[in-house]
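What follows is the residue order along each chain.
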Amino acid sequence: MNCTDITNNIDDYIDGQLDHADTLAFEAHLSNCSDCQDRLENSQRMLSELKMIDVPAASKNFEQRVFAEVRRQHSHKTQYKFAAGFSTAIAASFALWFTASTFFTEPLVEEPLMVSISLHEVRTVRLMIDADMAINQAQLNISLPANLRIDGYPENTELSWQTDLSEGQNILSLPLIALEHGQGELVAKLNYGSKTKEFRLSLKTSADGALQYQLHEMKSA
Amino acid sequence: MNIARHIWPFNKDPHVQFEALVKPHLNKLYKLAYRLTNQRDDAEDLVQEVLLTVYPRLEEMQTLEKPGPWLSKILYRKFVDQYRKQKRSLIDYTDDDQSIHDSQIDTSLQPAENLDNAQTRSMLGLALEKLNEDQRTLIMLHDVEGYTLQEISDMQDTPIGTLKSRINRARTKLRETIHKMEPNAQLQRVDKVEGE
């Protein structure tokens, strides 16, 4: 490379876009050319300075103001479909209940849900917990089939933690990954005080990679 | 073990849901809007319009694993469709834009002595004003705000290779403009040579 080549390739070099051979040629020229060393240093400084150009803070109460305007202009009640389906049928006799849904927007029906998933692809299943009052430090336990994991927890088929529940609907979002074909149950247990609620979801991958969900059983104690 | 971050209150009020979903992205949206409009009031208005636009799409938003890029894309499109059209017609910005080629740095020029940061920053602000709006936007998105080429490609419906070329040209123009702002650039080189 000569000085013109360096100039023409300097951004690709900085961005790591040059292939190995060009990178070596670039650096070989650089090691013997103080002008091009200066060019590179100035370019890197320029990019570094660009990152430091700040934005003035938004005006006071910007956040409150924009959301208030959304509320004002969209004041009509929006029918939210998510809570329909399983929840209404199941909820009647429980102060606390679980329901299952996915991130899909298709109408939910009281039939087994069928969701396509490829192996090693994250697919989120959401459990809804409707609390008739705020609950502090409820214990949640999740047990997974052997072929499934929650994204970010590759070693665990059992997860347990404490969380607070707000009055009303709370959503537990479980990003599931099928590591291999198989079937089993996802079991979610909520414990607080002497009360336990249990939710089971049948899960299996089909031959074509579709993960089937089926609401299987609910227990309360 | 803590995956409690995966649980959040789910109020039946769609406005509460909307705000919980959008709030984490509001600052980034504002910054993006400011980078595009370069005016605080315009940036705030742009964000406001985006929120009003996306509120009816709450359910769609809740299906997204990453609503941030989706919101950014809508904001960018709204900027292009509304704000920018108010100020000028869009430039037909093609790869063989001769005016941009003409501004490529003259490699016969010797680079100036390394500039200190304050100098660079001061000249950088002026040099950015010399870019055309498309170039400035690209530099702001990619080099200032750190949006990836893929994210910008999604926003602008432009191939990554084309974006990369445009960014390189914009950087070249910045360098050239900064270089021209150095009244003693050539003199410094002469001094250096004479001193060797």
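Residues numbered from 1 in each chain as written. Chains lettered and ligands numbered in written order. Predicted model: local features only at pLDDT ≥ 70, side-chain atom pairs only at ≥ 80, totals over all residues. Heavy atoms only, no water.

> Kindly report on the overall build of chain B, identifying the contributing residues and their values.
In terms of helices and strands, chain B carries 10 helices and 1 strand. Going from the N terminus to the C terminus, chain B shows its helices and strands as β-α-α-α-α-α-α-α-α-α-α. In chain B, buried positions account for 51% of the 196 residues. Intrachain contacts of chain B at a sequence separation of at least 6 include 70% that bridge at least 24 residues. Within the structure as shown, chain B displays about 9,400 Å² of accessible surface, and the carbon and sulfur contribution to it stands at 48%. (Helix = DSSP H or I, 4+ residues; strand = E, 2+ residues; numbered from the N terminus. Buried < 20%, exposed > 50% of the residue type's maximum accessible area, 1.4 Å probe, protein only. Contact = heavy atoms within 4.5 Å. Areas by Shrake-Rupley, 256 points an atom, 1.4 Å probe, with all protein chains shown as cover.)

> Hey, could you go over the overall build of chain A for me, with residue numbers and the actual values?
Counting secondary structure elements, chain A contains 5 helices and 10 strands. Residues classed as buried in chain A amount to 48% of the 221 residues present. Contacts in chain A between residues far apart in sequence, at least 24 positions, make up 63% of those at least 6 positions apart. Carbon together with sulfur atoms contributes 48% to the accessible area of chain A, which is approximately 11,000 Å² in total.

> Give me the lowdown on the pattern of salt bridges, citing residues and values where you can.
With the rule as written, the count across this model stands at 15 salt bridges over all chains. In this structure, the salt-bridge partner of Asp11(A) is Arg175(B), at a minimum N-O distance of 2.7 Å. You can see Asp11(A) sitting in helix α1 (residues 3-14) and its partner Arg175(B) sitting in helix α9 (residues 160-180), one on each of two chains. On the basis of relative accessible area, Asp11(A) is assigned to the buried category, the value being 3%. Of the residues examined, Arg175(B) reaches a relative accessible area of 15% and is grouped as buried. A salt bridge links Lys164(B) to Asp15(A); its shortest N-O distance comes to 2.1 Å. Taken together, the residues span two chains, with Lys164(B) in helix α9 and Asp15(A) in the loop between α1 and α2 (20-30). (Salt bridge = Lys/Arg side-chain N within 4 Å of Asp/Glu carboxyl O.)

> Which residues make up helix α7 (residues 133-144) of chain B, and what are the values?
Residues and elements named next belong to chain B. Among the 12 residues of α7, 11 are classified as buried, and the element is accordingly described as predominantly covered. Where α7 is concerned, the buried positions are Asp134, Gln135, Arg136, Thr137, Leu138, Ile139, Met140, Leu141, His142, Asp143 and Val144. Of the residues that open α7, the one with a side-chain oxygen 3.0 Å from the backbone nitrogen of Asp134 is Asn132. (Polar contact = N/O pair within 3.5 Å; in protein donor to acceptor, adjacent residues only side chain to side chain.)

> I'd like to hear about helix α8 (residues 149-156) of chain B, residue by residue, with values.
All names here are of chain B. Every buried residue of α8 is accounted for by Leu149, Ile152, Ser153, Met155 and Gln156. The buried residues of α8 occupy an angular sector of 160 degrees when projected down its axis, which confines them to one face. Looking one or two places after α8, you find Asp157, whose phi comes out positive at around 55 degrees. (Arc of directions from axis to C-beta.)

> Residues and numbers for the packing of aromatic side chains, please.
In the structure shown here, the tally under the stated rule is 6 aromatic pairs over all chains. Ring geometry for Phe67(A) against Phe18(B): centres 6.2 Å apart, planes inclined by 85 degrees, an arrangement best described as edge-to-face. One end of the pair, Phe67(A), is in helix α4 (residues 62-73); the other, Phe18(B), is in helix α1 (residues 14-37), on a second chain. The exposure class of Phe67(A) is buried, given its relative accessible area of 4%. (Phe/Tyr/Trp six-rings, centres within 6.5 Å; stacked < 30°, edge-to-face > 60°.)

> So what about the confidence of the model for chain B? Which residues, and what values?
As a note on interpretation, predicted positions should not be read in detail where pLDDT is low. All names here are of chain B. Residues of chain B with pLDDT of at least 70 account for 67%, and the chain-wide mean is 75. Within chain B, the lowest mean pLDDT, 37, falls on helix α5 (residues 98-102), and the highest, 93, falls on helix α2 (residues 40-54). Low pLDDT (under 50) marks residues 1-6, which in the prediction has 18 contacts with non-local residues, meaning those over four places away or in another chain. As scored by the predictor, the complex reaches a pTM of 0.55 and an ipTM of 0.71. (pLDDT = per-residue confidence, 0-100.)

> Can you lay out the packing of α1(B) against α2(B) for me, pointing to particular residues and giving the numbers?
All names here are of chain B. In the contact formed by α1 and α2, the axes pass within 8 Å of each other and the chain directions differ by 140 degrees. One way to sum up the angle between α1 and α2 is to call them oblique. Note that α1 runs across α2; the crossing there is right-handed. Of the residues in α2, those touching α1 at Phe18, Val22, Leu26, Leu29, Tyr30, Ala33, Tyr34 and Thr37 are Arg40, Asp42, Ala43, Glu44, Leu46, Val47, Leu51 and Val54. Class assignment of the residues belonging to the contact of α1 with α2 gives a composition of 12 nonpolar, 1 polar and 3 charged. (Axes fitted to C-alpha atoms, helices over the stretch in contact; angles between N-to-C directions. Parallel < 35°, antiparallel > 145°, perpendicular 65-115°, else oblique. Left-handed = near helix turned anticlockwise from the far one by under 90°. Nonpolar A, V, L, I, M, F, W, Y, C, P; charged D, E, K, R; others polar.)

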